Amino acid sequence: MKQFIISLCLVLSTTSAALAGTARTEVVANNLNFPWSVAELPEGGFLVTERSGQLVFVSQTGDKHHVEIDLPDLYATAQAGLFEVMLTPDFMTSRELVLSYSCGTEKANNTCVIRAKLSLQPPYSLLDTQNIFTALPKKEGAAHYGARMTWLPDDTLLIALGDGFVYREQAQKLDNHLGKIVRITRNGEVPEDNPFTHSKAPEIFSYGHRNVQGLIYDSERDAIWQHEHGPKGGDELNKIVKGGNYGWPIATFGIDYTGAKVSPFRELPGIKPPLYQWTPSLAPAGLALYEGDLLVTHLAGKRLQRLRLVDEQWQLEGEYLQDLNARLRAVYVAPSGRILVLTDSAEGQLLQVSFED
Amino acid sequence: MVRMFIAFLCAVIGATLVGTVIQTQFNLAELTALSVDIDMSTRMATILHDLLHFGPVFALILTPTLLIAFIVARVLSHLMPKFERAWFIIGGGVGLACAFSIVDSLAPMPTLIAANRTLLGFLLMSATGAFAGWIFDRLWHPQPQELAEELPQ
């Protein structure tokens, strides 16, 4: 608490030099172990996931309590662990939320999603935990899980999934979940109007993805925006459409970490090209919608970017928070309008950001 | 000493060229298996790109690997001189296979070089180390029948 008060008193006056403005940050909570996502509760306070497997409740005054959570098949190492927490659209009445995490073992794991009920008041715990999705096949290694999620207006859930790094060609095959965005109901059922019907992966909504780390539904434009990591270069911002093929690994602006070409093609017929791409890579790892602009946080790029749609093209409007010199894991615009940013470290922070236009 | 240095340089360059072309073919084969058409000029341009960009990285892995492998091979050839050529070939191949495994265990990604994801790719890429061993010993200690003139006594 003392630490929080000191932090709050300091109110980091990080007025970042930017292309189109400055941003101010306030520390909401400190000492979060590789925080991955945050959800604002309607009764006040926040739920924060830590990649190592803890779900943390952060009160409005910055106090922290662990939320009791039972994930016996959680696999937490390297990029694997507890990922996104997201409230259901009817959380006010149902108290339900969804959580994505890596499940399984070193030799056989993938992304899982559970739905659970949050108890009514602190100290919080999760009740009635139920698995609603398991990405298949279970694969080896601890890389590229995707795991960002968003709700569509029909209350179906989009879940972004990664290619598992060494299984990149599987992103082009429609009989598995690697390198896909899938769509399910809140009960885990397959909606009837999903675009593909393969019996092993009828949940597929779009394919050809590498490692999706940003996914959001834009109700004003009725559009789904998404970004994903390229390898060395070629991070992409895409507009996701039902049944779309986004090219990985047959068309990409990036090359492999060794310098080798992943594909000689940047574009191919039938492949949806990115609307915006980052080369060299900044490793975008969070996506939010703010006053019609997209906010993107970057891990390697250690900055918050604001993109604006001008003449049907996304353009860089401003860059912020570079003087924090911190890897930024996620950005959210909470229902209260607060812009929340998570830094990515063993002593991660939950920050509240405000633009000073 | 100069002869040894030139032989080593040739071994690294030879293995780099062959290994790079092998890994490019594996990458392109994965794409053609996904029904992507790749014409010859695109294939050649990809090889050239990889020689310029992947080649230096592969040479960086090869150089210390072959240095250690050839020292070990030299020690073994002292013990069994009859098999000198074989020791260098085996040393280069096994050394590179070990190097790939060590790099993969240290690098954040499960497999650094994409061609090594399959057993066949791993064996062929490791075989470039064996090729380097052959080049080195062929140039450093050519056998009498490999020379137009006799070896100096």
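Named according to an unreviewed UniProt entry, chain A is PQQ-dependent sugar dehydrogenase originating from Pseudidiomarina andamanensis.

Draft legend 1. Representation of the pattern of salt bridges within the structure. Residue and element names in this part refer to chain A. Per the stated rule, a full pass over the model turns up 25 salt bridges over all chains. Residues Asp293 and Arg308 are paired through a salt bridge, measuring 2.8 Å at the closest nitrogen-oxygen approach. Placement of Asp293 in strand E19 (residues 293-298) and of Arg308 in strand E20 (residues 304-310) is noted, with a sequence separation of 15 residues between them. According to the relative accessible area criterion, Asp293 is buried, its value standing at 2%. For Arg327, the salt bridge identified is with Asp344, shortest N-O distance 2.9 Å. Placement of Arg327 in the loop between strand E21 (313-320) and strand E22 (328-333) and of Asp344 in the loop between strand E23 (339-343) and strand E24 (348-356) is noted, with a sequence separation of 17 residues between them. Through salt bridges with shared partners, a single network forms among Glu291, Asp293, Arg306, Arg308 and Glu317.

Draft legend 2. Region of the structure containing the environment of Phe355(A). Residues and elements named next belong to chain A. You can see Phe355 is positioned in strand E24. Take Phe355: its relative accessible area is 13%, and that puts it in the buried class. Along the chain, Phe355 and Ile184 lie 171 residues apart, while their C-alpha atoms are 36 Å from each other. When residues no more than four places from it in sequence are discounted, the contact partners of Phe355 are Thr22, Ala23, Tyr290, Leu295, Leu304, Arg306, Tyr320 and Ile339.

Draft legend 3. View of the interface of chain A and chain B. Contact with chain A, which involves 22 residues of that partner, is made by 23 residues of chain B. Considering only the side of chain A, the residues that lose the most area to chain B are Glu169(A), Thr258(A) and Lys261(A), jointly responsible for 31% of the buried surface there. At the junction of chain A with chain B, the criterion picks out one salt bridge. Of the charged contacts, one joins Glu169(A) and Arg117(B) as a salt bridge, the two residues approaching to 2.8 Å between their closest N and O atoms. In the side of chain A that touches chain B, the residues fall into 13 nonpolar, four polar and five charged.

Draft legend 4. Structural detail: unusual backbone geometry. Residues and elements named next belong to chain A. Along the chain, Leu136 connects to Pro137 via a cis peptide bond; the corresponding omega equals 5°. Looking at the secondary structure, you find Pro137 in the loop between strand E9 (126-134) and strand E10 (149-151). Put simply, Thr279 and Pro280 share a cis peptide bond, and its omega is 0°. Examined against the element boundaries, Pro280 turns out to sit in the loop between strand E17 (276-278) and strand E18 (284-290).

Draft legend 5. Geometry of the UniProt feature "transmembrane region" (unreviewed entry) in chain B. Residue and element names in this part refer to chain B. In the numbering used here, UniProt assigns the feature "transmembrane region" (unreviewed entry) to residues 51-73, 85-107 and 119-136. Overall, residues 51-73 shows 100% helix and 0% strand. The separation of its end C-alpha atoms is 28 Å. End C-alpha to end C-alpha, residues 119-136 measures 26 Å, and it is 100% helix and 0% strand.

About the cut-offs
Residues numbered from 1 in each chain as written. Chains lettered and ligands numbered in written order. Predicted model: local features only at pLDDT ≥ 70, side-chain atom pairs only at ≥ 80, totals over all residues. Heavy atoms only, no water. Salt bridge = Lys/Arg side-chain N within 4 Å of Asp/Glu carboxyl O. Helix = DSSP H or I, 4+ residues; strand = E, 2+ residues; numbered from the N terminus. Buried < 20%, exposed > 50% of the residue type's maximum accessible area, 1.4 Å probe, protein only. Contact = heavy atoms within 4.5 Å. Buried area = accessible area lost by both parts, 1.4 Å probe. Nonpolar A, V, L, I, M, F, W, Y, C, P; charged D, E, K, R; others polar. UniProt positions renumbered as here; feature names shortened; annotations may be inferred.

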